[in-house]
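# Observations on the model geometry
Letter by letter, the chains look like this.
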Amino acid sequence: MTQKIIFLDVDGTLVDYHNRIPASAVTAIRQARANGHRVYVCTGRSRAEMQEEIWEIGIDGMIGGNGSYVEDDGKVILHQLIAKNEAIRVVEWLQEKGLAFYLESNNGLFASEDFREAAPAVMAEYVNRKGIVDPKEQEQVTTNFLDQMTHGAELYRDDLNKISFILSSYQDHLDSIQAFPNLEAHTWGGRGETALFGDLGVKGIDKAQAVDALLAHLGADRRDTIAFGDAKIDIPMLDYCEIGVAMGNGGQEILAMADKVTADVEDDGLYKAFVDLELI
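The following refers to the structure shown. All figures in this text were calculated on a predicted structure; none of them were measured in a lab.

### Overview of the packing of aromatic side chains
Enumeration over the complete set of coordinates arrives at nine aromatic pairs. Look at W93 and F165: their rings are 6.4 Å apart centre to centre, the planes differ by 85 degrees, and that puts the pair in the edge-to-face class. Here the residue W93 occupies a position in helix 3 (residues 84-97), and F165 occupies one in strand 9 (residues 160-166), the gap between them amounting to 72 residues. Residues W93 and F165 agree in their burial class; the two are buried. Ring plane angle 90 degrees and centroid distance 5.7 Å describe the contact between Y126 and W188, whose orientation is recorded as edge-to-face. In this pair, Y126 sits in helix 4 (residues 115-129) while W188 sits in strand 10 (residues 183-188), placing the two residues 62 residues apart along the sequence. Clustering of aromatic rings is evident, with ring pairs tying together W93, F165 and F180.

### Points about the pairing of strand 2 (residues 38-42)
The buried fraction of strand 2 amounts to four of the five residues, a majority that puts the element mostly inside the structure. With respect to chirality, the unit in which strand 1 (residues 5-8) leads through helix 1 (residues 23-34) into the neighbouring parallel strand 2 is right-handed. Sheet topology places strand 2 next to strand 3 (residues 61-64); three bridges connect them, and they run parallel. Note on strand 3: the bridge partner recorded for Y40 is G61. After leaving strand 2, the chain enters helix 2 (residues 52-57) and then returns to the sheet as strand 3, a path that is right-handed.

### Considerations on unusual backbone geometry
In the Ramachandran plot, D73 falls in the positive-phi region, its phi being about 50 degrees despite a non-glycine side chain. According to the relative accessible area criterion, D73 is exposed, its value standing at 67%. Of note in the backbone geometry, D268 takes a positive phi value of approximately 60 degrees without being a glycine. When you line up the elements, D268 lands in the loop between strand 14 (260-261) and helix 10 (269-276).

Thresholds applied
Residues numbered from 1 in each chain as written. Predicted model: local features only at pLDDT ≥ 70, side-chain atom pairs only at ≥ 80, totals over all residues. Heavy atoms only, no water. Phe/Tyr/Trp six-rings, centres within 6.5 Å; stacked < 30°, edge-to-face > 60°. Helix = DSSP H or I, 4+ residues; strand = E, 2+ residues; numbered from the N terminus. Buried < 20%, exposed > 50% of the residue type's maximum accessible area, 1.4 Å probe, protein only. Right-handed = clockwise from strand over helix to strand, strands pointing away. Pairing = 2+ DSSP bridges.

Don't take any of this as a statement about function, it's just geometry.
Below you can see the structure in the form of structure tokens.
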């Protein structure tokens, strides 16, 4: 079989809503790589948010920050950052509006002073929407999330991939679009007015463009690509790649446009798709 280049979204695709990697997914990736295929994660996470267990599976590299960062076999291929003057403007704007936020960098996650206090309630809602209803589990997910954060660090930075902030209302997202036309504005944690977080990142990039840059570096053919995702932000990647696979737990938009739909992330969805596509 021709070598395939496989791109996996992380949250909701490779990692379940409890932040666990299904054992079947580990098996699928290792077998696929043993068969000569290359496997990359393609995620909104910055490198600092990549749990060590993902690297331990054995992957060929990553696309991070929804396309702002590309790494192959430990070598940085592309890294586009928010300009420092723009980052400072965002930080000051969020502080003026009283919105808790955290800064996403390959060097770490840096939280505003009020983030630790504001995060538990919104994270409880986030994990509840993902089907985690046990209060102890909800608390553990929130604790794990907050433990990634550095508090009290310098917030005027030149190494940022993205800035995420807790929405007090959907209007905050709409205001961010108007306030920062030179940045890319998205939301997460819900559709439309049910969104819980807003984020701002480098303008004019997406996962598809990052995949294209990586293929150019590899000298690989787009016809040999397969992408997996579960969310609206994954759609450009699935549309760009030769085969786009949506997870069964995906949103309606991605389920409608995907070439294939596999099982839920918690029902061995990746493994089943790898078998179906004869990668393993």
